[in-house]
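Coordinate inspection notes
Read off the chains here:
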Amino acid sequence: MDLKRREPEELRQRYRYFVFTAVIIFFFIFIRLWYLQVVKEHEFRLLSENNRIRLKKITAVRGLIMDRKGRVIADNRPSFNVMVMPEDVDNVEMLSTRLSQLLHLKGDEIEHKIKDRDRPSFQPVEIKRDISWKQLSLLKTYRLDLPGVELNIEPMRMYPQGNMAAHILGYVSEIDKKELKHKSDYKMGDCVGKCGVELQWERYLRGVSGGRQVEVDAVGKELRVLNEVPPIPGHSLYLTIDLDLQRYGEKLLGKKAGVIIAMDPTTGEILAFCNSPAFQPTLFANGISDKDWETLVSHPLHPLQNKGIQGLYPPGSVFKIITAAAALEEGVIEPNDILECSGIYFLGNRGYQCWREKGHGTVNLYRGIVESCDIFFYQLGAKLGVTKLSRYAKGFGLGTLTGIELNGEKRGLIPTAEWKRERLGEPWYLGETITLAIGQGYIVVTPLQLLNLIGAIANGGVLRTPRITKYIKDVTGVMLLEYKSKEIGRLPISKVTLDKIKEALWGVIKDEHGTGRAAYIAGVEIAGKTGTAQVIKLKGIGRRLKPEEMPYEQRDHAWFVAYAPAHDPKIAVVVLIEHGGHGGSAAAPLAREMIKKYLSLK
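The following paragraphs examine the structure supplied in this document. Keep in mind the model is a prediction, meaning the values are calculated, not measured.

1. Some points on the overall build of the chain
- Helix and strand counts for the chain stand at 23 helices and 23 strands.
- Relative to the 2.2 N^0.38 estimate, which gives 25 Å for 602 residues, the radius of gyration of the chain is 35 Å and therefore markedly larger than a compact globule would have.
- The principal-axis extent of the C-alpha atoms belonging to the chain is close to 150 × 55 × 40 Å.
- Within the chain, buried positions represent 48% of all 602 residues.
- Summarising the internal contacts of the chain: among those between residues at least 6 apart in sequence, 71% fall at separations of at least 24.
- Split by element, the accessible area of the chain, about 30100 Å² in all, is 54% carbon and sulfur.
- The positive charge centre, built from 85 side chains, and the negative charge centre, built from 71, are 1 Å apart in the chain.

Next up, the structure:
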């Protein structure tokens, strides 16, 4: 009997369905295999190669930064960094937990970095930079339990002089996403100069990174090197500063908030640029912690601010140099003309005091500058007017950028009647003019602007661009760039006027009644000018309080500008001590020591 005929019709029907389904399934499998192996062959081949062959970056050594004598100020050292290749990690949560225990980091932070979707494929993620030797040993010990973990050695910026010259050098730190949009030749994880000369000369200091093509196994372990392109080190940057003078200036400042800048007035070379308080640039190279950052930004004395080019202060009596020069040029006064100082100058019903309560008596131009008589300059200011005072101030380089190769420089402010009307909607008053004549009121300047001013007087009237960079050399010592300062203007006064001003500035120190007598050095001719800039407006007429009788934040700022030797200038100095009181007692002695130190080095 035929078994097929005895087979139930229902079973035969199911069999046909099964065969048809199997054919359809295998057909789709065949189509999928064909698609993966033929259509997507190139893409999967690349993925396979990327999984087996990795390109590893070799970071170039950043160029050295040295002082004018070739002594190293910024160097490099090796840093061991922990990296993770996410494609080699099967269990991200478990790996994050293990790394958090070994590196003392939060597990969720590590997990977030590994799962970052903005990262290009087969690019390692940096978990922690510059680990300790103990952490390095632990990672080596538990290597087999940490799939996808790599150790990368790269150069890290270090500053062997600590926080010395921090505001000149600036610092380097990891590039952020905002910067990446404007720097196409950088990648996430690269370090870049953020401020100071590290930023200004980034293109020379950075160097050119190399790479290594390596073959790895299934867990990412390196098997062999297939090809290697060596990195090109960055170029060496030589600054104009003298390390000995820089160190000495910072020692003089100590814990005082202020600035000392020294310059060669004939070339514009900055010899020392001291800011206090300072910061540790190394903190940023290693990735600054939230705690350290909060400490810096909340510090009442603002250690991150470069006070030399960003601090804005009334110039005080240093501005009397400009008022005197303008009065001579405009014929308002002759050098031997006499004006009276009784201690109080009345303008309408209001009295304006001189710093000397009983006044200076009869005063000519020489005595007015030497003894810094306020009332003498009140009268000159009233005759000159705000327009002429402002014009001469700008001619002396105030209210404009000096052009120094440091980022963040501020212009300051030279007020005019038009400025006040536009800004405050009020007219200019004569009382504001006489206040401006002694460097008070709305006017603010930077210490570097006053240094440039006194430097121009020292060199015969030429305003120059102050410069910090001397030259740049490559690793073989070949000169690539020699930086020279430029003439940016000339003082708007005649040689006769300039000579009269210089004579009086010399008297500020050598004359027994000079306000800068504290800067006197036997055998060295020094010319200069003291300045005391009010922080708060004086109320009424009466005895002026001594600095020690006032709260710190209400004390006057102390200024002193000088150059030496007076008849053959080699150095110009500006000293500003925030809330230091009188320029003659707080700032002049520091300038004296800087000049003495530099001449001894010469």
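2. Side note on the packing of aromatic side chains
- Going through the model one piece at a time under the given rule, you end up with 14 aromatic pairs.
- The interplanar angle of 90 degrees and the centroid separation of 6.1 Å between the aromatic rings of tyrosine 171 and phenylalanine 279 together place this pair among those described as edge-to-face. On the criterion of sequence distance, the pair formed by tyrosine 171 in strand E6 (residues 171–174) and phenylalanine 279 in the loop between strand E12 (270–276) and helix H12 (282–285) is long-range, its members being 108 residues apart. Side by side, tyrosine 171 and phenylalanine 279 carry an identical accessibility label, which is buried.
- Measuring from ring centre to ring centre gives 6.1 Å for tyrosine 313 and tryptophan 559, while their planes differ by 85 degrees; the resulting arrangement is edge-to-face. Within this pair, whereas tyrosine 313 is found in the loop between helix H14 (307–310) and helix H15 (320–329), its partner tryptophan 559 is found in strand E22 (residues 557–564), the two being separated by 246 residues in sequence. Neither tyrosine 313 nor tryptophan 559 differs from the other in exposure class; each is buried.
- Joined through ring pairs, the aromatic side chains of Tyr171, Phe279, Phe284 and Trp293 make up one cluster.
- We note lysine 473 situated over the ring of tyrosine 238; from NZ or CZ to the ring centre the distance is 5.4 Å.
- Geometry around tyrosine 248 places lysine 597 over its ring, the cationic atom sitting 5.3 Å from the centre.

3. Remarks on the packing of helix H4 (residues 92–103) against helix H6 (residues 133–141)
- Running from N to C, H4 and H6 cross one another at 145 degrees; their axes reach a closest spacing of 9 Å. On the side of H4, the interface is formed by Leu99, Leu102 and Leu103, while H6 contributes Gln135, Leu138 and Leu139.
- In terms of residue class, the contact of H4 with H6 is made up of five nonpolar, one polar and no charged.

4. What to know about a negative patch on the surface
- Together, Asp108, Glu109, Asp290 and Glu294 give the surface a local cluster of negative charge.
- By secondary structure assignment, the location of aspartate 108 is in helix H5 (residues 107–114).
- Residue classification places aspartate 108 among the exposed residues on the basis of a relative accessible area of 53%.

5. Section: the environment of valine 192
- Inspection of the secondary structure puts valine 192 in strand E7 (residues 191–195).
- Residue valine 192 is classed as buried on the basis of its relative accessible area, which comes to 0%.
- Between the C-alpha atoms of valine 192 and glutamate 179, which are 13 residues apart in sequence, the distance is 9.4 Å.
- If we ignore the near neighbours within four places in the chain, the residues touching valine 192 are Tyr171, Val172, Ser173, Ile175, Glu179, Lys183, Tyr186 and Glu202.

6. Regarding the sheet that holds E22
- Spatially, five strands are ordered E12-E11-E23-E22-E21 in an open sheet, and the strand pairing comes out antiparallel. Across the chains shown, the open sheet's two edge strands, defined by having one partner strand only, are E12 and strand E21 (527–533). On average, adjacent strands in this sheet sit at an angle of 5 degrees to one another, irrespective of strand direction.
- Pairing analysis gives six bridges linking strand E11 (residues 258–263) to E12, with the strands arranged antiparallel. Pairing of isoleucine 260 across the sheet is with cysteine 274, part of E12.
- Of the strands in this sheet, E11, E12, E22 and strand E23 (571–577) touch helix H21 (residues 447–458), which is tilted by about 150 degrees from E23.

7. So, helix H18 (residues 386–395)
- Listing the buried residues of H18 in full gives Val386, Leu389, Ser390, Tyr392 and Ala393. Down the axis of H18, the buried set is contained in an arc of 165 degrees. They therefore lie on one face.
- Here the buried face of H18 lies against H15, helix H17 (374–384), helix H19 (417–424) and helix H20 (430–436).
- Looking at the residues trailing H18, positive phi occurs at glycine 397, about 95 degrees.

8. Digging into the environment of asparagine 152
- Along the chain, asparagine 152 turns up in strand E5 (residues 149–158).
- Note on asparagine 152: relative accessible area 22%, which makes it partly exposed.
- Asparagine 152 sits 75 residues away from asparagine 227 along the chain, and the two C-alpha atoms are 18 Å apart.
- When neighbours within four sequence positions are excluded, asparagine 152 is seen to be in contact with Ser79, Phe80, Asn81 and Met83.

9. Here's the deal with a nonpolar patch on the surface
- Judged by side-chain polarity, Phe20, Ile24, Phe27, Phe28, Phe30, Ile31, Trp34 and Val38 come together as a nonpolar surface patch covering roughly 850 Å² of accessible area.
- Position of isoleucine 31 relative to the elements: it lies in helix H2 (residues 9–39).
- Residue class for isoleucine 31 comes out partly exposed when judged on its relative accessible area of 35%.

10. Concerning helix H22 (residues 495–510)
- The end-to-end C-alpha distance of H22, which contains 16 residues, comes to 22 Å, matching closely the 22 Å that a straight helix rising 1.5 Å per residue would cover.
- Listed in full, the buried residues belonging to H22 are Thr497, Leu498, Ile501, Ala504, Leu505, Gly507, Val508 and Ile509.
- Looking at the packing, one finds that the buried side of H22 touches H15, helix H16 (365–370), H21, E21 and E22.

11. A word on unusual backbone geometry
- Cis geometry marks the peptide bond from serine 276 to proline 277, where omega comes out at 0 degrees.
- Position of proline 277 relative to the elements: it lies in the loop between E12 and H12.
- With an omega dihedral of -20 degrees, the bond running from alanine 564 to proline 565 counts as a cis peptide bond.
- Of note in this structure, alanine 165 is not a glycine but carries a positive phi near 60 degrees.

12. Things to note about empty space enclosed by the protein
- Applying the stated rule across the entire model yields one cavity of 30 Å³ or more.
- Reported here for the largest cavity is a volume of approximately 40 Å³.
- Taken together, Met263, Pro265, Gly268, Asn452, Gly455, Ala456, Asn459, Val462 and Arg464 make up the full set of residues lining the largest cavity.
- Sorting the residues of the lining of the largest cavity by element identifies H21 and strand E17 (462–464) as the ones contributing at least two each.
- Per-element tally for the lining of the largest cavity: the top contributor is H21, with three residues.
- Within the lining of the largest cavity, the residues separate by chemical class into four nonpolar, four polar and one charged.

13. Some thoughts on the side chain of arginine 157
- Looking at where arginine 157 falls in the secondary structure, it is placed in strand E5.
- Arginine 157 sits in the buried class, given a relative accessible area of 3%.
- Within the local environment of arginine 157, its side chain forms a polar contact with the side chain of asparagine 76, the two groups lying 3.4 Å apart.
- When near neighbours in sequence (up to four residues on either side) are disregarded, arginine 157 contacts Arg62, Gly63, Leu64, Ile65, Ala74, Asp75, Asn76, Val172, Glu198, Leu205 and Ala285.

Reading the values: rules and limits
Residues numbered from 1 in each chain as written. Predicted model: local features only at pLDDT ≥ 70, side-chain atom pairs only at ≥ 80, totals over all residues. Heavy atoms only, no water. Helix = DSSP H or I, 4+ residues; strand = E, 2+ residues; numbered from the N terminus. Rg over C-alpha atoms; globule rule 2.2 N^0.38 Å. Buried < 20%, exposed > 50% of the residue type's maximum accessible area, 1.4 Å probe, protein only. Contact = heavy atoms within 4.5 Å. Areas by Shrake-Rupley, 256 points an atom, 1.4 Å probe, with all protein chains shown as cover. Lys, Arg positive; Asp, Glu negative; His and termini not counted. Charge placed at Lys NZ, Arg CZ, Asp CG, Glu CD. Phe/Tyr/Trp six-rings, centres within 6.5 Å; stacked < 30°, edge-to-face > 60°. Lys NZ or Arg CZ within 6 Å of the ring centre and 35° of its normal. Axes fitted to C-alpha atoms, helices over the stretch in contact; angles between N-to-C directions. Nonpolar A, V, L, I, M, F, W, Y, C, P; charged D, E, K, R; others polar. Patch = residues over 30% accessible without salt bridge, like charges linked within 9 Å, V, L, I, M, F, W, Y side chains within 5 Å. Salt bridge = Lys/Arg side-chain N within 4 Å of Asp/Glu carboxyl O. Pairing = 2+ DSSP bridges. Arc of directions from axis to C-beta. Expected span 1.5 Å × (residues − 1). 1 Å grid on protein atoms, 1.4 Å probe; cavity = no way out; pocket = protein on both sides within 12 Å on 5 of 7 lines; lining within 4 Å. Points joined across faces, edges and corners; volume = space filled by probe spheres on them. Polar contact = N/O pair within 3.5 Å; in protein donor to acceptor, adjacent residues only side chain to side chain.

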